[in-house]
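Residues per chain are reported as follows:
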Amino acid sequence: MGVCLPLASLLLFLLPLAAGAVTPGEKLDDPALEARARTITNELRCLVCQNQSVDDSDAPLAKDLRLLVREKLKEGLSDAETREFVHARYGDFVLLRPPFKPGTFLLWTAPLLALLAGAAAVWTATRRRRIFAPPAALTAEERARLDGLGVGRFDDSESRE
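The rules behind these values
Residues numbered from 1 in each chain as written. Predicted model: local features only at pLDDT ≥ 70, side-chain atom pairs only at ≥ 80, totals over all residues. Heavy atoms only, no water. Helix = DSSP H or I, 4+ residues; strand = E, 2+ residues; numbered from the N terminus. Buried < 20%, exposed > 50% of the residue type's maximum accessible area, 1.4 Å probe, protein only. Contact = heavy atoms within 4.5 Å. Expected span 1.5 Å × (residues − 1). Salt bridge = Lys/Arg side-chain N within 4 Å of Asp/Glu carboxyl O. Patch = residues over 30% accessible without salt bridge, like charges linked within 9 Å, V, L, I, M, F, W, Y side chains within 5 Å. Areas by Shrake-Rupley, 256 points an atom, 1.4 Å probe, with all protein chains shown as cover. pLDDT = per-residue confidence, 0-100. UniProt positions renumbered as here; feature names shortened; annotations may be inferred. Core = buried A, V, L, I, M, F, W, Y, C linked by side-chain atoms within 4.5 Å. Polar contact = N/O pair within 3.5 Å; in protein donor to acceptor, adjacent residues only side chain to side chain.

Draft legend 1. Main features of the environment of Ala62. In this fold, Ala62 is placed in helix α3 (residues 60–74). You can call Ala62 buried: its relative accessible area is 1%. Taking C-alpha positions, Ala62 is 7.7 Å from Val48, a pair spaced 14 residues apart along the chain. If near-sequence neighbours (up to four positions away) are discounted, Ala62 is found in contact with Cys46, Val54 and Ser57.

Draft legend 2. Local environment of α3. Its 15 residues place the ends of α3 21 Å apart at the C-alpha level, agreeing with the 21 Å of an ideal helix rising 1.5 Å per residue. Among all positions of α3, only Ala62, Leu65, Arg66, Leu68, Val69, Arg70, Lys72 and Leu73 are buried. Of the surrounding elements, those touching the buried residues of α3 are α2 (31–42) and α4 (79–90). At the C-terminal side of α3, Gly76 shows a positive phi close to 105°.

Draft legend 3. Region of interest: the pattern of salt bridges. The final tally for this structure, using the stated rule, is 6 salt bridges. Across the pair Asp55 and Arg38 runs a salt bridge whose closest N-O atoms are separated by 2.9 Å. Of this pair, Asp55 sits in the loop between α2 and α3 while Arg38 sits in helix α2, placing them 17 residues apart in sequence. With relative accessibility at 3%, the residue Asp55 sits in the buried group. Residue Arg38 is classed as partly exposed on the basis of its relative accessible area, which comes to 25%. Put simply, Lys101 and Asp92 hold a salt bridge, and the shortest N to O gap is 2.8 Å. By relative accessible area, which is 18% here, Asp92 ends up buried.

Draft legend 4. Geometry of a nonpolar patch on the surface. On the surface, Leu106, Leu112, Leu113, Leu115 and Leu116 cluster together into a nonpolar patch covering about 530 Å² of accessible area. Tracing the chain through its elements places Leu115 in helix α5 (residues 105–131). The exposed category is assigned to Leu115, whose relative accessible area is 59%.

Draft legend 5. Quick look at the confidence of the model for the protein. Here the protein shows a mean pLDDT of 80. Residues at 70 or above account for 75%. When mean pLDDT is taken per element in the protein, α4 scores highest with 92 and helix α7 (residues 156–159) scores lowest with 52. Below pLDDT 50 for its whole length, residues 14–19 participates in 0 contacts with residues either more than four positions away or in separate chains.

Draft legend 6. Spatial organisation of the UniProt feature "transmembrane region" (unreviewed entry) in the protein. The UniProt entry lists residues 105–125 under the feature "transmembrane region" (unreviewed entry), expressed in the numbering used here. The annotated region residues 105–125 carries 100% helix and 0% strand content, and the separation between its end C-alpha atoms amounts to 29 Å.

Draft legend 7. Spotlight on the side chain of Ser53. Along the polypeptide, Ser53 turns up in the loop between α2 and α3. Overall, the relative accessible area of 6% leaves Ser53 in the buried class. Excluding residues that lie within four positions of it along the chain, Ser53 makes contacts with Thr41, Asn42, Leu44, Cys46 and Leu96.

Draft legend 8. Inspection of the nonpolar core at higher detail. Among the nonpolar cores identified, the biggest contains 16 residues, and Leu44, Leu65, Val69, Leu73 and Val86 are the most heavily contacted of them. At the level of elements, α2 and α3 are the ones that each hand at least two residues to this core. Broken down by element, this core gets its largest block of residues, 5 residues, from α3. Ignoring anything within four residues of it in the chain, the contact list for Val69 reads Ala37, Ile40, Thr41, Leu44, Thr82 and Val86.

Draft legend 9. Spatial organisation of the side chain of Asp92. Along the chain, the position of Asp92 falls in the loop between α4 and α5. In terms of polar contacts, Asp92 uses its side chain to reach the side chain of His87, at 2.6 Å. In this structure the side chain of Asp92 is engaged in a polar contact, spanning 2.8 Å, whose partner is the side chain of Lys101. Setting aside residues up to four positions removed in sequence, Asp92 forms contacts with His87, Pro98, Pro99, Lys101 and Thr104.

Put into structure tokens, the structure is as follows:
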């Protein structure tokens with residue numbers, strides 16, 4: 001019983017989130033047209049929330065964009081024409097997947113650049129650690145070789161201090 005109550009309250013809290021932001025008054029009567037509208041609005045970014053699609057956002061501007069998309073589809077525009085109308089009006093930022101072009105180059109390459117920078121930082125740190133590591137103790141063979149060179153007696157315990 002102790003686990004059921006918190007779980008039930010969590011489910012009741014999360015249930016409205018699954019419904020999405022589209023209200024019944026926004027939905028089109030034609031199911032095929034509504035499906036097209038939902039597809040398009042899932043590809044558009046909410047200009048207020050910025051990390052949500054227009055379809056998922058409760059912001060008033062997102063609602064206006066959902067209604068605009070439905071209006072353009074009712075006028076007979078194709079999906080591509082409707083997307084292009086919104087894109088021409090609001091720019092690349094409104095697209096959740098903006099096109100690859102010089103103006104969006106950094107946007108598309110930023111994850112790769114961040115990964116490469118992280119790899120370079122790790123490589124540099126491990127290389128630096130190897131360079132500044134204390135020298136390993138000499139083996140008996142290495143000591144005999146140094147003595148044979150006439151360098152004098154070498155005591156590697158002194159070098160470690």
